[in-house]
Every structure is written in C-alpha cells, then in structure tokens.
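# Close look at the chain arrangement
Spelled out from the first residue to the last, the chains are:
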Amino acid sequence: MNKPVRTVSFHTLGCKLNAYDTEWHREQFLDVGYVEVPFGQSADVTVVNTCTVTGQGDAQSRQMLRRAHRASPEGTVVATGCYAQTDPDALAEMPEVDLVVGTREKTRLIELLNSTCSLGRTFVTRSRAADFQDMDIYNFGGRARAFVKIQEGCDEFCSFCIIPFARGRSRSRTLTSTVDQVKRLVDAGYAEIVLTGVHIGDYAGEDGEPLVDVLEAIDRVPGLGRFRVSSIEASFVTDAMVEFFADSERCCRHLHIPLQSGDDGILEKMRRPYRSADYVDLLARLSERIPDLAVGADVMVGFPGETDAAFRETLDVVQRTPLVFLHVFPYSPRGNTPASGMPDQVPPLVKKARGAELRKLGKAKADAYQRRFIDQTVDVLFENKRDAETGFLHGLTDTYIRVYAPGPDSARDRILPVRLESIEAERMIGRISEVGLRSEELPLS
Ligand code: SF4
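Because the structure is predicted, anything quoted here is derived from the model rather than measured.

So, how was this worked out
- Residues numbered from 1 in each chain as written.
- Predicted model: local features only at pLDDT ≥ 70, side-chain atom pairs only at ≥ 80, totals over all residues.
- Helix = DSSP H or I, 4+ residues; strand = E, 2+ residues; numbered from the N terminus.
- Rg over C-alpha atoms; globule rule 2.2 N^0.38 Å.
- Contact = placed C-beta atoms within 7 Å.
- Axes fitted to C-alpha atoms, helices over the stretch in contact; angles between N-to-C directions.
- Parallel < 35°, antiparallel > 145°, perpendicular 65-115°, else oblique.
- Left-handed = near helix turned anticlockwise from the far one by under 90°.
- Nonpolar A, V, L, I, M, F, W, Y, C, P; charged D, E, K, R; others polar.
- Pairing = 2+ DSSP bridges.
- Near = placed C-beta within 6 Å.
- Domains from an automatic or database assignment.

What follows concerns the overall build of the chain. Of regular secondary structure, the chain possesses 14 helices and 19 strands. In terms of overall size, the chain behaves like a compact globule, its C-alpha atoms giving a radius of gyration of 22 Å where 445 residues would be expected to give roughly 22 Å. Along the first, second and third principal axes, the C-alpha atoms of the chain reach 60 × 60 × 50 Å. Excluding contacts between residues fewer than 6 apart, the proportion of contacts in the chain whose partners are at least 24 apart in sequence is 72%.

Written as structure tokens, this is what we have:
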C-alpha cells in the first residue's frame, strides 16, 4: 500500500538569515518525502520561522502561528527561529503551537517532530553553540540568487539587540566549505551568490582567515556571475576590503552598513564601536574608490535618550553621506537587554514622526540615486516570477536597483543588459537588449 503523502508549509518572518534557514528546512522536508503547499492552506506540518528583532516581529510571529493553526486545526504547528529561542515559554503557552524548536536545535527539527512524545514541548538549548552548522542548500527556488550563510551569532551585545541571545555567540563556516558550497551553487546554475551572516565582518575561517580572504577566494570561482555581501558593520570594513571592493569585477557595487544613529552620545549608549565621523569617513573612502556604489543602512529612531538634537545629527549624517537605501525602524525594548531599562524612553508618537521624516529623506536620496542611471545600460539579474501588477519581468542590478522590463520567459534567471528608460509609479522601467536576449550563454557582469 502506498504511504499517504504528508504536506508541509512554511512562513518566514524577519531577515535574510531566517529566509536561509527556511530554505534549508524546506529541502530537508522535501528530501524525506513531504510535499509543500502554500502557507495558509491545510498542511500536516506548518513551520513558522519567527523573528524577535522588534516588538512587531514578536506580534507578527504570534499572528502567523495563529493563522497556521486556523488553516490546519488538525495539523502540527512548529515555531522555530529567534523568538522561539529567546522566549520559548511565551510560544509554548499558545494553544495553537504544538512544538517549539530554538535556533540551536533547528537541525533536529524533523527528528523532534517524528518523536511523538515531543509534541507540546519546547526544545531550546541555551548553551553556547560551539560549531557552525553548515546547513547546505542546493535549490533556492529559481536559479537567480542563492544565499550562502558563512557566519552565525554575534559577540557584540549592542545594548538594544536581542540577537546574541537568540542566535548565540559568533561562529563561522570554514573557508574551504564556503568555497565548495559556492562552486556547487555555480555548477547548479545560480548567477548570483549572496553571502549572509548575523555579523559577517567577524568572520574567521578554520585558520583564522578574515572575511577578505573569503571574498578573494569566491572571486576566483570559475563561472560565477556576481556576488554580494548582505550586511557588514562599519568597524569591520578593513582597508584591504575597501581595496577588494574597488578592484573586484564580480563583487557587486552594493553594501549594507548599519548606521543606527548619527549622534555620538546615542552610539555610545547603544554600545556601537564607532562614532559618526568614522562612519562618514568610511563611506567617503568607499565612494571615492567605487564610483556609483550603493550603500544601504539600518537606522534606528527613538533610542532611549534620543533628543531632537540627537535625531538631527542622524538626519545630518544621512544627508552628508552617499547613503541611498535606508531601513528605518523605531526602537522597541527587547527582553532583558540593557537599553530596555534605560531612562528617557521616547514616546511612540515622537518615534513615529522621526521615522517618517527619515524615511522621506531616504526616499528622496534613493530616487536621486536611481535617476542617475536613466539612459544607461546596466546588467540585471532577472528573477523567476513576474511582477503581478505589470506582468513585467523584474530583477536587480548589481547596485541593488530593482528594474522592471517586458520580456520573454527565457530571460528568467539570467543576467542581461537592460537600458533604463524611466521611473513610473516608483518602478524603474527598462528595455532588455536584443543582443543579450539572443545569446544562449549567461552574459557575465
Ligand atoms: S552587531 Fe549589534 S546589532 Fe548587530 S547582531 Fe550584533 S549585537 Fe545585534
């Protein structure tokens, strides 16, 4: 008799690292015979990969767990990810949740699920995870971009951040294993590799190799179209890295360097290891060496004690630097982090107003940056899905501009030259070059 098909669905909240972990779980479930169904449909197992980086992350995670249970009242709902690690009891108390698996037990998720006595329990290890778990992924849904996790955890303990508690201390993938994984993904047809980690600048290979050694090794992998670094802390961008970014033809001209605040007093209270002048100087050096570099940043508003003058300092730094993509978020107290007990908490309405002002500035800078490329031909890596509204293909330039263009399905998952023509309804519209479309091979950027 045939075994009944078991179904699984996934929902991910939060950052690229969570997206990576969900992809890994997906492969594990499919490998043991599960069939995936869209989240929101009835499934035997629903895995919700939670986020706790803000209060909103917690609330959305709980909301998705409740939704998972509503869709499959008879199915098993698993909560995993950062919220599951930092506050397993809160999730275990939810009647909709059957199993809580913390970040350090995540590679045992299916094993725990199969052991029926696990249900209704929490599996959260609080000890330091000594070794990096490679968690290789071979099929990332389409062949455009694949993420390679090279580092996990963080030792910085910024005063507002719960991540070191959620993901543990810093540990790295070996250089050999990283390069091998990149080679496998290139052989499988991926055109772009994104290196991810919680605190990637803290990378240390098996013999203590720094991040720049990984970048140089990946740059030499034959057949790789392009690669990028997901996010790096300002204090960890070394001179050698600046030179590498300037010289490499395959490393994208795009960096994400969190700012958090432009005020030195706030940076100190945040326990950030740089001051605003260091940040401004780094961005000036980078943009001098790398023309058209796109830099994005996380910026927090309403950290305890942030006065109007301190907020103006942040606006000033954003204004004066070549920052073009801002991720603005309001401070929210997290667990037992030092900042949650600090005096002078900022009222929500003030945070909201500051966030809106900063987003407006960010939008103006992003707009001005994108307009610089109109009438230029740039390489775009087209993704697998079409834009639902326009029906156009879409994808990213190496400078992280999302481009929409009419074109045939054969353009999917390929890097193609596109002439940028206009910005309409906040979309950059382009036209794919006929020559690029006719070529059978992936034109490399
Ligand atoms: S560097 Fe700071 S903000 Fe980033 S993960 Fe580590 S503790 Fe959190």
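On we go.
The geometry of helix α11 (residues 276-289) relative to helix α12 (residues 308-320) is characterised by a closest axis approach of 10 Å and an angle of 15° between their N-to-C directions. The angle between α11 and α12 places the two elements in the roughly parallel class. The handedness of the crossing between α11 and α12 comes out as right-handed. Side by side, α11 and α12 meet where S276, Y279 and V280 of the first sit next to E313, V317 and R320 of the second. Class assignment for the residues of the contact of α11 with α12 results in 3 nonpolar, 1 polar and 2 charged.

In terms of strand pairing, strand β15 (residues 377-382) meets strand β18 (residues 415-424) through 5 bridges, oriented antiparallel. Its bridge partner being in β18, T377 is matched across the sheet by R419.

Inspection of the region around the ligand gives C154, E156, F157, C158, C161, I163, P164, V198, H199 and E233 as its neighbouring residues. Here the residues of the shell around the ligand are counted per class, giving 7 nonpolar, 1 polar and 2 charged.

Taken domain by domain, the chain holds domain 1 (7-123), domain 2 (130-252), domain 3 (256-372) and domain 4 (377-438). The C-alpha-based centres of domain 1 and domain 3 are spaced at 32 Å.

Read around the barrel, 5 strands follow the order β15-β16-β17-β19-β18 and close on themselves; strand pairing throughout is mixed. Within the sheet, the average angular offset between the axes of one strand and its neighbour, ignoring direction, is 55°.

Here we take up the sheet that holds strand β7 (residues 145-149). Read across the open sheet, the 3 strands follow the order β7-β10-β11; overall the sheet is parallel. Where the open sheet ends on each side, the last strands, each with one partner, are β7 and β11 (226-229). Adjacent strand axes in the sheet meet at a mean angle of 25°, parallel and antiparallel pairs treated alike. Bridge analysis of β7 against strand β10 (residues 192-196) gives 5 bridges, and the strand direction is parallel. The partner of K149 across the bridge, within β10, is T196.

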